[in-house]
Amino acid sequence: MINRRFVVFGLIGVGTAPGVAMAHKPNKTFALDPQYQPQSVTVDPEFASGTIVVDPRNKFLYFVEVAGKARRYGVGVGRAGLAWSGTAEIARKAKWPSWTPTPNMIKRDPGKYARYAGGMKGGRGNPLGSRALYLYRDGRDTFYRIHGTTEPWTIGRAVSNGCIRMLNEHVEELYERVPVGTSVIVLP
């Protein structure tokens, strides 16, 4: 039974049950695997409350609410050779952020990225989606982000240029819950 409808960046979508996202693209249908839906889980109590922990291997992001308990979200992560690990902090947050590909992205795939070298305004077609959390290390921009996506079918896969992507509705929830200064741990 269809109980809600939404538009995913110009793609018509339907939800078949609360919290189940689906999107349609020409010749491609997407339904989010239930394991990637937000849910409360038990985590190692060594992680401090308020910390974000990203597990790229398993494609999950955890927002530690209290010691031993977290809100888990499914994510898309960096493809082979583009992933990173370590610690950072959220130094900036943006709603409907603008986007500029990095020089390395342009060098790797100029046909895809060179036309955006001057940047792209935020909006429905922007690859950062509806929200972005900017990761800094030692006061310097890492150029990695936790952000929404215009390609929801990539959640649970290693496909990005290194950033951590979430469904827009999930990153919007996270955005409201985490302040600037939040610690982020990306596991190796």
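That block above? That's the structure.
Let me begin by describing the structure that accompanies this report.

### A short note on the overall build of the chain
Phase 1 of the analysis: A tally of helices and strands in the chain yields three helices and 15 strands.
Phase 2 of the analysis: Every one of the 188 residues in the chain was classed for burial, and the buried ones make up 48%.
Phase 3 of the analysis: Counted over contacts in the chain with a minimum sequence separation of 6, partners at least 24 positions apart contribute 57%.
Phase 4 of the analysis: Approximately 9,500 Å² of the chain is accessible, and the part contributed by carbon and sulfur atoms is 52%.

### Describing the pattern of salt bridges
Phase 1 of the analysis: Taken as a whole and assessed by the stated rule, the structure comprises four salt bridges.
Phase 2 of the analysis: The closest approach of N and O atoms between Arg 177 and Glu 65, which form a salt bridge, is 2.7 Å. A residue pair is termed long-range when its members are at least 10 positions apart, and Arg 177 in helix 3 (residues 168-177) and Glu 65 in strand 7 (residues 60-66) qualify at 112 residues.
Phase 3 of the analysis: By relative accessible area, which is 35% here, Arg 177 ends up partly exposed.
Phase 4 of the analysis: When its relative accessible area of 29% is taken as the criterion, Glu 65 is described as partly exposed.
Phase 5 of the analysis: Between Glu 173 and Arg 71 there is a salt bridge, and its shortest N-O distance comes to 2.8 Å. Taken as a pair, Glu 173 in helix 3 and Arg 71 in strand 8 (residues 69-74) lie far apart in primary sequence, 102 residues in all.

### Quick word on the nonpolar core
Phase 1 of the analysis: Among the nonpolar cores identified, the biggest contains 21 residues, and Ile 52, Leu 61, Ile 146 and Leu 174 are the most heavily contacted of them.
Phase 2 of the analysis: Among the elements that make up this core, the one with the highest residue count is helix 3 (three residues).
Phase 3 of the analysis: Sequence-distant contacts of Ile 52, that is, excluding residues within four places in its chain, are made with Leu 61, Tyr 62, Phe 63, Ile 90, Ile 146, Leu 174, Val 178, Thr 182, Ser 183, Val 184 and Ile 185.
Phase 4 of the analysis: Residues Phe 30, Val 53, Tyr 62 and Ala 70 belong to the second largest nonpolar core, which totals 14 residues.

### Observations regarding the environment of Ala 67
Phase 1 of the analysis: Following the sequence through the fold, Ala 67 ends up in the loop between strand 7 and strand 8.
Phase 2 of the analysis: Taking relative accessible area as the criterion, Ala 67 reaches 52% and is therefore assigned exposed.
Phase 3 of the analysis: Placed 16 residues apart in sequence, Ala 67 and Thr 51 show a C-alpha to C-alpha distance of 9.9 Å.
Phase 4 of the analysis: Dropping the residues within four chain positions of it, Ala 67 is found in contact with Pro 45, Phe 47 and Ser 49.

### Quick look at the sheet that holds strand 11 (residues 131-137)
Phase 1 of the analysis: Judged by pairing direction, the sheet is mixed, and its nine strands sit side by side in the order 5-8-7-6-15-10-11-12-14 without closing on themselves. The two strands at the open ends of the sheet, each matched to only one other strand, are strand 5 (39-42) and strand 14 (164-165).
Phase 2 of the analysis: Both strand 10 (residues 86-95) and strand 11 contribute to a ladder of six bridges, which runs antiparallel. Bridge assignment links Glu 89 to a residue of strand 11, and that residue is Tyr 136.

What counts, and at which threshold
- Residues numbered from 1 in each chain as written.
- Predicted model: local features only at pLDDT ≥ 70, side-chain atom pairs only at ≥ 80, totals over all residues.
- Heavy atoms only, no water.
- Helix = DSSP H or I, 4+ residues; strand = E, 2+ residues; numbered from the N terminus.
- Buried < 20%, exposed > 50% of the residue type's maximum accessible area, 1.4 Å probe, protein only.
- Contact = heavy atoms within 4.5 Å.
- Areas by Shrake-Rupley, 256 points an atom, 1.4 Å probe, with all protein chains shown as cover.
- Salt bridge = Lys/Arg side-chain N within 4 Å of Asp/Glu carboxyl O.
- Core = buried A, V, L, I, M, F, W, Y, C linked by side-chain atoms within 4.5 Å.
- Pairing = 2+ DSSP bridges.

Scope: geometric values only; no functional claims are made or implied.
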